[in-house]
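Working through the structure, step by step
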Amino acid sequence: MSVSTPQSAVTVLGLGPMGRALAGAFLDAGLAVTVWNRTRGRDRELVARGASGAPSPEAAVAASPLTVLCVVDYDAAHAIVRRDAVAAALKGRTLVNLTADTPARARDMGAWASAHGIGYLDGAIMTPSTTIGTPNAVFLHSGPEELYREHRAVLETLGGTHTHLGADVGRAASYDLALLDIFWTAMAGYAHALALAKAEGVTAQELAPFAKGISAILPPLFEQGAREADAGVFSGDINPITSAASSMRHIVQASEERGIDASVMRAAEGLARRVIGLGHGGDGFLRVTDLLNPR
Ligand code: NDP
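Residues numbered from 1 in each chain as written. Predicted model: local features only at pLDDT ≥ 70, side-chain atom pairs only at ≥ 80, totals over all residues. Heavy atoms only, no water.

**So, the overall build of the protein**
Spelled out, the test is: Helix and strand assignments follow DSSP, with helices taken as H or I runs no shorter than four residues and strands as E runs no shorter than two, numbered in order from the N terminus. When a residue's accessible area, from a 1.4 Å probe over protein chains only, is under 20% of the maximum for its type it is buried; when over 50% it is exposed; and in between it is partly exposed. Per-residue accessibility takes into account occlusion by the displayed protein chains alone, with areas from the Shrake-Rupley method and a 1.4 Å probe.
Within the protein, the secondary structure is distributed over 13 helices and eight strands. Overall, the C-alpha framework of the protein stretches about 60 × 45 × 35 Å when taken along its three principal axes. Taking all 295 residues of the protein together, the buried fraction comes to 41%. Carbon and sulfur atoms make up 57% of the accessible area of the protein, which totals about 15,400 Å².

Below, the structure written as structure tokens:
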């Protein structure tokens, strides 16, 4: 795909695995790409493919109307852009920050950008760097709608789906962290399950088909849970939290009998038992949401 607009030059700051993938996709789309990274040499392959390697972040941002920043976190992002020379070079241009961090830090960056006359969009990438430039990439964006519309065509050359979530700059990070909350607690559960299975003589590959089966139960539960959480009604008709807590206890017991740390499951069981203690034992497990975040 080739994009030919007055905005068809783009700068990428940060050339970790994700920054390199972003810059590579922009190059594939035929854009004029300028790159910069704190550690020199990471731009070698991109420059060989036609990117311009800038000597400094201020020179890099001055080369394009649009700069995409993608580094490890906002401490790194601040170290790069929140300096007088870079802020001056960014003035009147747009910064799209695809660095992951908290919603509060995204809003703070938005306020800083606005005070310096810089157009600012925040974003989150929900898929691995290998998906960039393919239909499987998932990008979330937040910030001023008009600014998003202005740069959308260039951003879409990164492939996949792009969703603008609203004018609140913190929204992309809010979605990102909520989704990664699901991902990392699930991965912690999976790592623990593998340890427990191994201790009982079951290999990870023997468990795998059934592990995939149990994860397939989750998507419909997410849909039902979303309706219940928004309504504040947590039906326990099919699986009351008393039953869930009992199942969790078996996992804790079996793990600890084998000397396996069960602290993640102990934490989940503890939440369930608190809900039961408050008199909601007949409700479903998602009643825990109310305990964590009382309305
Ligand atoms: P990292 O998260 O490891 O970030 C590496 C980049 O951060 C490098 O450019 C590195 O520069 C830079 N950096 C780190 N500290 C500083 C600093 N103090 N000052 C300046 N630059 C610094 O790698 P990724 O590229 O994978 O990730 C970038 C962002 O993308 C992260 O926020 C990550 O969460 C997000 N993301 C990544 C995914 C992936 O698959 N990799 C998937 C989805 C999101 P240097 O080379 O000089 O060390």
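**Some points on the packing of aromatic side chains**
What counts, and what does not: For Phe, Tyr and Trp, where Trp contributes only its six-membered ring, two rings pair if their centres lie within 6.5 Å, and the inter-plane angle classes them as stacked under 30 degrees, edge-to-face over 60, or tilted in between.
Here the structure, examined in full by the defined rule, presents one aromatic pair. With centroids separated by 4.9 Å and ring planes inclined at 80°, the aromatic side chains of Phe 183 and Trp 184 adopt a geometry described as edge-to-face.

**Details of the domain arrangement of the protein**
Inclusion rule: Domain ranges listed in this record stem from an automatic or a database domain assignment.
Annotation of the protein at the domain level lists domain 1 (9-169) and domain 2 (203-292). Using C-alpha coordinates to define each centre, domain 1 is positioned 39 Å away from domain 2.

**Focus: the sheet that holds strand β7 (residues 138-142)**
Stated formally: Being paired, for any two strands, means DSSP has found at least two bridges between them. Whether two residues touch is decided by their heavy atoms; if any such pair falls within 4.5 Å, the residues are in contact. Angles shown run from 0 to 180 degrees and are taken between the N-to-C directions of axes, each axis being a line fitted to C-alpha atoms and, for helices, limited to the stretch in contact.
Strand order in this open sheet of eight strands is β3-β2-β1-β4-β5-β6-β7-β8, and the pairing throughout is mixed. Each edge of the open sheet carries a strand with a single partner, namely β3 (52-53) and β8 (161-164). As paired strands, strand β4 (residues 66-69) and strand β5 (residues 94-97) are joined by four bridges and run parallel to one another. Opposite Val 68, over in β5, you have Val 96 as the bridge partner. Contacts from helix α8 (residues 171-199) reach β6 (119-125) and β7, with the element oriented near 140° to β7.

**Some remarks on the site of the ligand**
The following threshold applies: Throughout, the term near means that a residue has one or more heavy atoms lying within 4 Å of the molecule or strand in question. Side-chain atoms alone can form a polar contact between residues adjacent in sequence; in general such a contact is a pair of N or O atoms within 3.5 Å, and within protein one must be able to donate a hydrogen while the other accepts it. Here the nonpolar group is Ala, Val, Leu, Ile, Met, Phe, Trp, Tyr, Cys and Pro; Asp, Glu, Lys and Arg are the charged ones; every other residue, Gly included, is treated as polar.
Around the ligand, 21 residues are found, and the nearest of them are Met 18, Asn 37, Arg 38, Thr 39 and Arg 42. Within the backbone of Gly 16, one N or O atom sits 3.4 Å away from an oxygen atom of the ligand. At 2.9 Å from an oxygen atom of the ligand is found a side-chain nitrogen or oxygen belonging to Arg 38. For the ligand, whose free accessible area comes to 880 Å², the fraction covered by protein is 72%. Those elements that place two or more of their residues in the shell around the ligand are α1 (17-28) and α4 (74-81). The element best represented in the shell around the ligand is α1, accounting for three residues. Here the shell around the ligand is built from residues that sort into eleven nonpolar, eight polar and two charged.

**Focus on the pairing of β6**
Inclusion rule: Throughout, right-handed denotes a crossover for which the path from the first strand over the helix to the second runs clockwise when the strands point away from the viewer.
Of all seven residues that make up β6, seven are buried, and the element is covered over most of its length. Of the two faces of β6, both are covered, the one formed by Gly 119, Leu 121, Gly 123 and Ile 125 as well as the one formed by Tyr 120, Asp 122 and Ala 124. When β5 meets β6, the two strands line up parallel, connected through four bridges. Note that in β6 the partner of Thr 94 across the bridge is Gly 119. You can see the chain leave β5, run along helix α6 (residues 103-115) and come back into β6, and the turn it takes is right-handed.

**Here's the deal with the pairing of strand β2 (residues 32-36)**
A large share of β2 lies buried, amounting to four of its five residues. One crossover worth recording links strand β1 (residues 9-13) to the parallel β2 by way of α1, and it is right-handed. In this structure, β2 lies alongside β3, joined through two bridges in parallel fashion. Bridge pairing links Val 35 to Gly 53 in β3.

**Details of the nonpolar core**
Quick reminder of the rule: What is meant by a nonpolar core is a set of buried Ala, Val, Leu, Ile, Met, Phe, Trp, Tyr and Cys residues, joined one to another through side-chain atoms within 4.5 Å.
Judged by nonpolar contacts, the single largest core of 31 residues is most densely connected at Leu 22, Phe 26, Val 33 and Ile 132. At the level of secondary structure, the elements contributing two or more residues to this core comprise β1, α1, β2, β4, β6 and α7 (145-156). Looking at which element gives the most residues to this core, the answer is α1, with seven residues.

**Let's talk about the side chain of Thr 94**
Positionally, Thr 94 belongs in strand β5. A distance of 2.9 Å separates the side chain of Thr 94 from the side chain of His 151, its partner in a polar contact. In contact with Thr 94, not counting residues within four places along its chain, are Pro 65, Leu 66, Thr 67, Gly 119, Leu 147 and His 151.

**Things to note about the confidence of the model for the protein**
Parts of the prediction with low pLDDT should not have their coordinates interpreted in detail. Heads up, the rule is: pLDDT runs from 0 to 100 and stands for how confident the predictor is about each residue.
Looking at the protein as a whole, the pLDDT averages 96, with 97% of positions reaching at least 70. Per-residue pLDDT stays below 50 along residues 1-6; that stretch engages in twelve contacts with residues further than four places along the chain or on separate chains.

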